[in-house]
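What follows is the residue order along each chain.
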Amino acid sequence: MHLAISARAEAVIERSKPHMNPRPKSYWVIISLLASQVMLVNNATTGMLILTAICFPSLVAGAHGMLGLLGATLLAMALRLDAHALQSGLFGYNGLLVGMASAAFLVHGGDDGWSVPVLMAVLVVGAMSTIFQLALGNALVPVFKSPPFTLAFNVSNMILLLAAPRLSSLQVAPGLAPRLPATDAAPAAPLLDAYREIPSGLSAVVWLLEAALTSVGQVFLCESCVSGALILLGVA
């Protein structure tokens with residue numbers, strides 16, 4: 001789904017010698033680097049702009065993303081994983097995406113958008129993404145010479161979405177719950193009918209720009225052209 005890990009990931013995953021003690025970085029720098037790695041960038045400023053971008057459409061969604069990031073990072077620290085990889089932001093970005101996906105795909109019970117079961121699921125599944133990151137790295141790097149990128153996020157999120165219908169405290173958003181199609185269901189409308197008509201003239205240019213920026217924001221499941229602009233600014 002995403003290509004979201006730096007080129008040094010292969011070396012990080014294959015590294016088996018004793019940990020070095022790099023110069024410590026502040027927690028805010030580490031958190032920013034974790035976010036920036038989604039866009040193949042190892043830069044704290046980029047990470048801060050990305051964190052701002054995910055909070056712009058919804059503070060609730062942004063908080064879920066940061067909680068998933070926190071869960072993945074805390075587990076990496078508890079397992080005493082490679083300190084250099086941790087400070088470079090290579091652990092945690094999958095958790096960030098897990099949190100954003102949970103905010104988008106799970107139903108939140110409260111009117112204010114907060115749900116304790118969903119928050120707990122984000123924390124736990126975000127931590128699980130770190131385990132999948134290590135396991136997939138050990139499987140893919142030696143054989144295919146390829147890092148796992150955000151495959152750990154895809155696996156973690158798929159497990160969560162498949163398990164949610166079986167759990168009374170979690171509910172998948174309407175239309176996403178896995179089920180067999182009804183035999184008497186009415187034919188689905190053509191996909192293009194769900195989109196508005198493309199305007200003409202100068203309005204078409206504005207529409208195209210807005211669509212392009214929103215597409216960038218959708219990397220983090222943010223349906224916002226402002227979020228896309230902030231992400232592009234960070235990457236630039």
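Quick caveat: nothing in here was measured; it's all calculated off a predicted structure. (Residues numbered from 1 in each chain as written. Predicted model: local features only at pLDDT ≥ 70, side-chain atom pairs only at ≥ 80, totals over all residues. Heavy atoms only, no water.)

Asks: Sorry, what's going on with the overall build of the chain here?
Replies: Along the chain, the regular secondary structure elements total 10 helices and zero strands. The secondary structure elements of the chain, listed N-terminal to C-terminal, are α-α-α-α-α-α-α-α-α-α. A burial count over the chain gives 41% of its 236 residues as buried. Of the accessible surface of the chain, which amounts to about 13,300 Å², a share of 67% is contributed by carbon and sulfur atoms. (Helix = DSSP H or I, 4+ residues; strand = E, 2+ residues; numbered from the N terminus. Buried < 20%, exposed > 50% of the residue type's maximum accessible area, 1.4 Å probe, protein only. Areas by Shrake-Rupley, 256 points an atom, 1.4 Å probe, with all protein chains shown as cover.)

Asks: Just checking my understanding: could you explain the nonpolar core for this structure?
Replies: General note: in soluble globular proteins, nonpolar side chains tend to be found buried as a group. Among the nonpolar cores identified, the biggest contains 35 residues, and I54, L96, M100, L106, L170 and F220 are the most heavily contacted of them. No other element matches the seven residues that helix α6 (residues 93–105) contributes to this core. Setting aside residues up to four positions removed in sequence, F220 forms contacts with A35, V38, M39, I50, I54, L96, L97, M100 and I231. Grouped together as the second largest cluster of nonpolar side chains are six residues, A76, L81, L90 and F91 included. (Core = buried A, V, L, I, M, F, W, Y, C linked by side-chain atoms within 4.5 Å. Contact = heavy atoms within 4.5 Å.)

Asks: I tried to follow the packing of α6 against helix α7 (residues 116–144) on my own but got confused; where do I start?
Replies: Two packed helices can be described by the angle between their axes and the distance between those axes. At their nearest, the axes of α6 and α7 sit 8 Å apart, and the two run at 140 degrees to each other. By crossing handedness, the relation of α6 to α7 is classed as right-handed. Between α6, through Y93, N94, G95, V98, G99 and S102, and α7, the contact on the second element is made entirely by V122, V125, G126, S129 and Q133. Its residues assigned to classes, the contact of α6 with α7 shows four nonpolar, seven polar and no charged. (Axes fitted to C-alpha atoms, helices over the stretch in contact; angles between N-to-C directions. Left-handed = near helix turned anticlockwise from the far one by under 90°. Nonpolar A, V, L, I, M, F, W, Y, C, P; charged D, E, K, R; others polar.)

Asks: Mind showing me how you'd approach the packing of helix α9 (residues 202–217) against helix α10 (residues 225–235) here?
Replies: Running from N to C, α9 and α10 point in directions that differ by 70 degrees, and their axes come no closer than 7 Å. By the angle between their directions, the pair α9 and α10 is classed as roughly perpendicular. Counted together, E210, L213, T214, V216 and G217 of α9 and C225, G228, A229, I231 and L232 of α10 form the full contact between these two elements. (Parallel < 35°, antiparallel > 145°, perpendicular 65-115°, else oblique.)

Asks: Would you mind going over helix α3 (residues 44–55) with me for this structure?
Replies: In an α-helix there are 3.6 residues to a turn, and that puts residues three or four apart on one side. The end-to-end C-alpha distance of α3, which contains 12 residues, comes to 17 Å, matching closely the 16 Å that a straight helix rising 1.5 Å per residue would cover. Here α3 has its buried residues at T46, G47, I50, L51, A53, I54 and C55. Structurally, the start of α3 carries an N-cap: the backbone nitrogen of T45 is 2.9 Å from a side-chain oxygen of N43. (Expected span 1.5 Å × (residues − 1). Polar contact = N/O pair within 3.5 Å; in protein donor to acceptor, adjacent residues only side chain to side chain.)

Asks: Which parts of the structure should I look at to understand the confidence of the model for the chain?
Replies: Any residue range with low pLDDT should be treated as having predicted coordinates unsuitable for detailed reading. Taken over all residues, the pLDDT of the chain has a mean of 81, while the share at 70 or more is 77%. When mean pLDDT is taken per element in the chain, α10 scores highest with 94 and helix α1 (residues 9–14) scores lowest with 44. Note on residues 1–22: pLDDT is under 50 here. Beyond four places in sequence and across chains, it has 54 contacts. (pLDDT = per-residue confidence, 0-100.)

Asks: Help me out: how do you make sense of unusual backbone geometry in this one?
Replies: With the exception of glycine, most residues fall at negative phi, and the peptide bonds are largely trans. Phi is positive for K145, close to 55 degrees, though the residue is something other than glycine. Checked against the element boundaries, K145 lands in the loop between α7 and α8 (151–163). The phi dihedral of L221 falls on the positive side, at around 60 degrees, and the residue is not glycine. With respect to the helices, strands and loops of the structure, L221 is situated in the loop between α9 and α10.

Asks: Just to check I follow, could you spell out the environment of V118 for this structure?
Replies: Checked against the element boundaries, V118 lands in helix α7. On the basis of relative accessibility, which here comes to 1%, the residue V118 falls in the buried class. As for V118 and L170, which are separated by 52 residues in sequence, their C-alpha atoms are 6.7 Å apart. Other than its neighbours up to four places away in sequence, V118 contacts H64, L106, V107, H108 and L170.

Asks: Any chance you could explain the side chain of N157 here in plain terms?
Replies: Looking at the element boundaries, N157 is found in helix α8. Look at N157 and you get buried, because its relative accessible area is 8%. If we ignore the near neighbours within four places in the chain, the residues touching N157 are A101 and F105.

Asks: Help me understand the environment of V29, please; the structure alone is not making it clear to me.
Replies: By the element assignment, V29 lies in helix α2 (residues 27–36). Since its relative accessible area comes to 30%, V29 is described here as partly exposed. When the C-alpha atoms of V29 and M48 are compared, they prove to be 8.6 Å apart, with 19 residues separating the residues in sequence.

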